[in-house]
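Each chain, letter by letter, is given below.
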Amino acid sequence: MKKHEKFLADHIKYEKKYSTENGLQYELHCHDQYEINYILDGDVVFLMEGMEFRPPKNSVLLIAPHKFHGLYTVSDRPYIRYQIHFYPDLLNEDEEQLLLLPFTKDNVMFCNADRFHLDHYMEAIDDCQILDSWLLDIAIRSRLISVLTQLNAISASAISGEEIDPIAKEVLTYINDHLTEPLYVEEIAKKFFMSKNYLTKIFRKMTGTTVANYILHKRLSIAKGLIQSGTPATTTALQAGFSEYSTFYRNYKKIFGYSPNEEFSDT
């Protein structure tokens, strides 16, 4: 059984999810938003950028923009979580530097969030949907700041995920450092003195996907952010590492459900 409670507004999306499905999977992906997951209960595993996280009850997992991630449940124990996606546009420059600091660290899972009553702060964002439109933006911004303030307090309990494979982690770092340059699986394998098949095997174990699919999603995530900041789609394709605009256009539409030009016209 699955239940979702959703609230969507400009620059922010709130969800409360409940599921009792064993083996439930959320497809590996990346995006240009900040993501907060507050896990109230459940037996789940998160994969994120070569790290594996097994969050206990009342824990928080933060995901920064452009981080490849996904999760699966490993039992039918009820899985309950709050989730917020947001763009940093809601914050001013000083607030960004201070309040988004926990997202920039390696240890992005925090325990004992119930001691800080984080559920009340998360639900306060959902309550914004009953407000009149002239109050909505102010209320969302102030309540998001409250959530982020609490997260900074909780971050003292930060713990690390488990690194799946140190060699594969080096490969992952190399790919992320060269995303906007030409990247080919065969050349990456040669650089790290391994066969293409072995690289594919350890990379899939670490990230849950292939090298090529990882690179594609990462580049599209970069491109989406550039387009939303006002960069023309044709320029974005080159800046994000695509050698051909037709390849960029086709995959952008396939992954996001609309063309890059449609997104550009809406921003």
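One can find the structure itself at the top, above this paragraph.
Residues numbered from 1 in each chain as written. Predicted model: local features only at pLDDT ≥ 70, side-chain atom pairs only at ≥ 80, totals over all residues. Heavy atoms only, no water.

Colleague: For the packing of aromatic side chains, give the residues involved together with the corresponding values.
Modeller: Across all of its chains, the model carries 15 aromatic pairs by this definition. Look at Y38 and Y82: their rings are 6.0 Å apart centre to centre, the planes differ by 20 degrees, and that puts the pair in the stacked class. Linking Y38 in strand β4 (residues 34-41) with Y82 in strand β9 (residues 79-86), this pair joins segments that are 44 residues apart in sequence. Taking relative accessible area as the criterion, Y82 reaches 1% and is therefore assigned buried. Measuring from ring centre to ring centre gives 5.8 Å for Y174 and F192, while their planes differ by 80 degrees; the resulting arrangement is edge-to-face. (Phe/Tyr/Trp six-rings, centres within 6.5 Å; stacked < 30°, edge-to-face > 60°. Helix = DSSP H or I, 4+ residues; strand = E, 2+ residues; numbered from the N terminus. Buried < 20%, exposed > 50% of the residue type's maximum accessible area, 1.4 Å probe, protein only.)

Colleague: A description of helix α9 (residues 245-256) should follow, citing residues and the corresponding values.
Modeller: Spanning 12 residues, α9 covers 16 Å between terminal C-alpha atoms, matching the ideal 16 Å at 1.5 Å per step. The set of residues buried in α9 consists of F248, N251 and Y252. All buried residues of α9 fall inside an arc of 105 degrees around its axis, so they share one side. Turned more than 90 degrees off the buried face of α9, the exposed positions are R250 and K254. The positive-phi residue at the C-terminal boundary of α9 is G257, with phi of around 90 degrees. (Expected span 1.5 Å × (residues − 1). Arc of directions from axis to C-beta.)

Colleague: Lay out unusual backbone geometry with the relevant residues and their values.
Modeller: For H117, which is not glycine, the phi dihedral falls at a positive 55 degrees. Among the secondary structure elements, H117 is positioned in the loop between β10 (109-110) and α2 (118-126). Located in the positive-phi region is F193, a residue other than glycine, with phi close to 55 degrees. Here F193 shows up in the loop between α5 (185-191) and α6 (196-207). Looking at F193, the relative accessible area reads 79%, which means it is exposed.

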